[in-house]
Structure formats: C-alpha cells, structure tokens
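Structural overview
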Amino acid sequence: MTPKSEQELAEAIAGTDAPLTVRGGGTRPIGRALPGQTLSVAEMSGITLHEPGALTLVAQAGTPVAEIEAALAAEGQRLAFEPMDHRGLLGTTGTPTIGGVVAANVSGPRRIQVGACRDSLLGVRFVDGAGRVLRNGGRVMKNVTGYDLVKLIAGSYGTLGVLTEVSFKVLPAAEAVGTLRLHGLDDRRAVAAMSAALGSPCEVSGAAHLPRGADGRPVTMLRLEGFADSVAYRMGRMQTLLGSFGDGEIDRDAESVAAAWRAIRDVEAFAGQPGDVWRVSVKPSDGPAVAEALDGAEVIYDWGGGLVWALTPEGTDARAALAGIGGHATLVRASEDTRARLAVFHPEPAPVAALAAGLRAKFDPRGVLNPGLMG
C-alpha cells in the first residue's frame, strides 16, 4: 500500500482490518515481522515550506532526509538534532525519510546540547488507526500550541498514527568545529572526563568514548562548534581543564571531525559485525557498569556515557544481565528468533504501561498499526 496523499492514506487505514507494518524508506525496521500488509508513505514526499529567516521547515513524511539536509545547507542551516542513519548498522537499504526520523525520535550526539528530535518539532499531521486525520502544533514557532501531542507522536514508532507532515525549528550551521581527543582512558576515567567537560562553560556538543578506537586504543572525543575564534578559545580552555586526564589531541579539520562524529552517530564500528545490538540508556555514571555487566560485549559510549551501544553475542538477554541498573534497554538488531523471545522495548512500569495501553486504545482502537512492536 503506497498512498500518494493524506486522504488516500486515511482511506487505506480506515478500510483495513489486517495488521499494517508502517514504513517510510524501510531503513530502520526493528519490530517482529507479522502477517499483513506494508503501508509505505514514501510517495508522500516534498518540502512544503521553508522560511530561512524564521528558522522553520515543513515537509511531508516521506521526504528523504538527504533532501531536507541539502535544502537547509543551501541556506547555511541544519537539523539541530543530528539524526542517525541506521542503514549500516542494520544492513538495510532504501532512503531514510523525515517521517521515520520523527516516528523513532532519532537523535544523534548533539542531543546533549540541543535536545532530541522531539524538541525541534513544532507540529505534526498524522492519520490514526481509525483513519482520522489529526493535527497538532503549528508550522511556525509563534503559532505553536499543543506540544504534548507533538512530543507524544515523536518516538511512538507509528503505533499511534501514521505521520503525513512534520514541522521543525532549524538552526544555523556552525562556522567551525573541533574535537579534543584523549587517549588511553579506561571507561570510568573517560566518563569522568566527559562529565567534567559537559559541566564546564565550554558548550560541548558531543561527548563520546570508544574503548577500542581505530588504532585499537581507547579514545575519548569531545566536540565544540560555533564561530571560529570561539571554538579556538574554548578548545584551549577545555584542554587545560582536562589536563589531569592526559595530553589532549586537537583536530580542527572540518572533514575529519565530521567523519569521526558520523561514525559515532551511526555506530559504524558495529556495522557488519555478527551479534545483537542493544541501545542502553542510563545515567552517565552507570555507563561503565553496563559494560561490566555485559561481560564480553563490545560497547560505545555517547551522550557523555548516558547512551551505551552494546554488541552482544546472539540471543543475549541484556535486560536480565543489567538487572539492578536503572535505565532501559532497546533491542535494535537481532534475529527473528531472538525478537520472538525478547521484546524490542524495555518493559514499562505498570502505571506507565496502563497509560500507554490507554493511548493506543484511543488512537488505534483496532490495534492495526505496527503490532509487531508491541511484544
């Protein structure tokens, strides 16, 4: 099913009782495969409004992310939240779409500074599981209302409705970038260094740690962005501030910095490697405990240690291994057998689960939207 308009989409959803697997570009499927039909919004594409002076952009859900990024770059702007490209990690093809980004609330390393995808959203239009066309929020910042529903839809993975249009606040692109690299730190020292940097006035826009970098040694990376003189000054300040963690290596080459942070953003180190991939969110100080509990797993730390990507042996129940550590673990990549045994999302506390079930009953009373994610 490939509707070309919002009305066609509403009619398609209203007219089916079969389970629908919602797809944009098909680049980030993480749920179980179930019998039924695939519903693609890829034909509903195009930027419908871009006002550079107002820092706003509106696009249909099937619009390729690359098209949006190119249009913004032409005006010296960008999507602040730095959306991840899952294709390498998941071994998928296709074209990432902006609707898929919003549906999964995909947010990259810059989240520690500017917030998540949902924090840049101004408004949404979507079709719920009963075939009703709904809208919430606005198309420009001065008209925004109803933030709650906008933020609820972001990260709902198409289980409450199928997005047709999204509106964003965008930001100017940085004039200059730089990365300070610290080598040889163990996980706990690396988290301490990242915490010190994030707690400083240096305005860090990326803080990541690889226990095994490109040369096999641990590397801790801290990114600064902004005007060239400001980046140079802040980089010197941060290097002095973190002097107790070792001599830092500064990289000011824009292409090199972009490539390094793209590798962090897209978890390139795990692409093509055998095993399951888990995305674990914890308080940063608990990041090293995650690696210790998942003995034998390869890990990457982002968000100052608060996001841990873990590559585990196939079939590993990471949640059982992490019992006692507060946070949640999402199964991002695994075999169908493992998905049948382990839920994609972390079990919710009973009160939250009741609220979530109530929302799904309201927006998708027949349970036809992406049921493969629900268990």
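Going by the structure above, here's the rest.
Summarised in this report is the structure supplied together with it. (Residues numbered from 1 in each chain as written. Predicted model: local features only at pLDDT ≥ 70, side-chain atom pairs only at ≥ 80, totals over all residues. Heavy atoms only, no water.)

1. Structural notes on helix 2 (residues 65-73)
The following threshold applies: The rule is simple: take the accessible area with a 1.4 Å probe, protein chains only, and divide by the maximum for that residue type; under 20% is buried, over 50% is exposed, in between is partly exposed. Helix and strand definitions follow DSSP, with helices as H or I runs of at least four residues and strands as E runs of at least two, each counted in order from the N terminus. By definition, the arc is the one covered by directions from the helix axis to the C-beta atoms. Note on contacts: a residue pair qualifies if any of its non-hydrogen atoms lie within 4.5 Å across the two residues.
What helix 2 keeps buried is the set Val65, Ile68 and Leu72. The arc that holds every buried residue of helix 2, seen down its axis, measures 65°, which confines them to one face. Exposed and facing more than 90 degrees away from the buried side of helix 2 are Ala66 and Ala73. Against the buried residues of helix 2 lie strand 3 (47-51), strand 4 (56-60), strand 5 (77-78) and helix 4 (98-103).

2. Some thoughts on the packing of aromatic side chains
To keep things clear, this is the line we draw: Ring pairs are drawn from Phe, Tyr and Trp, using the six-membered ring of Trp, whenever the two centres fall within 6.5 Å, and their geometry is named by plane angle: stacked under 30 degrees, edge-to-face over 60, tilted for the rest. Put simply, a charge is over a ring when the Lys NZ or the Arg CZ is close to the ring centre, within 6 Å, and near the line of the ring normal, within 35 degrees.
For the structure on display, the rule yields three aromatic pairs. Centre to centre, the rings of phenylalanine 126 and phenylalanine 363 are 6.2 Å apart; their planes meet at 55°, and the pair counts as tilted. Remark: phenylalanine 363 occurs in helix 14 (residues 350-363) and phenylalanine 126 occurs in strand 6 (residues 121-128); sequence separation between them is 237 residues. Each member of the pair, phenylalanine 126 as well as phenylalanine 363, is classed as buried. The ring centre of tryptophan 261 lies 4.8 Å from the NZ or CZ of arginine 223, which sits over that ring.

3. Things to note about the environment of leucine 160
When you line up the elements, leucine 160 lands in the loop between helix 7 (147-153) and strand 8 (161-169). Separated by 199 residues in sequence, leucine 160 and leucine 359 place their C-alpha atoms 7.5 Å apart. Apart from the residues within four sequence positions on either side, leucine 160 is in contact with Phe126, Asp128, Gly129, Leu152, Ile153, Leu359, Arg360, Phe363 and Leu369.

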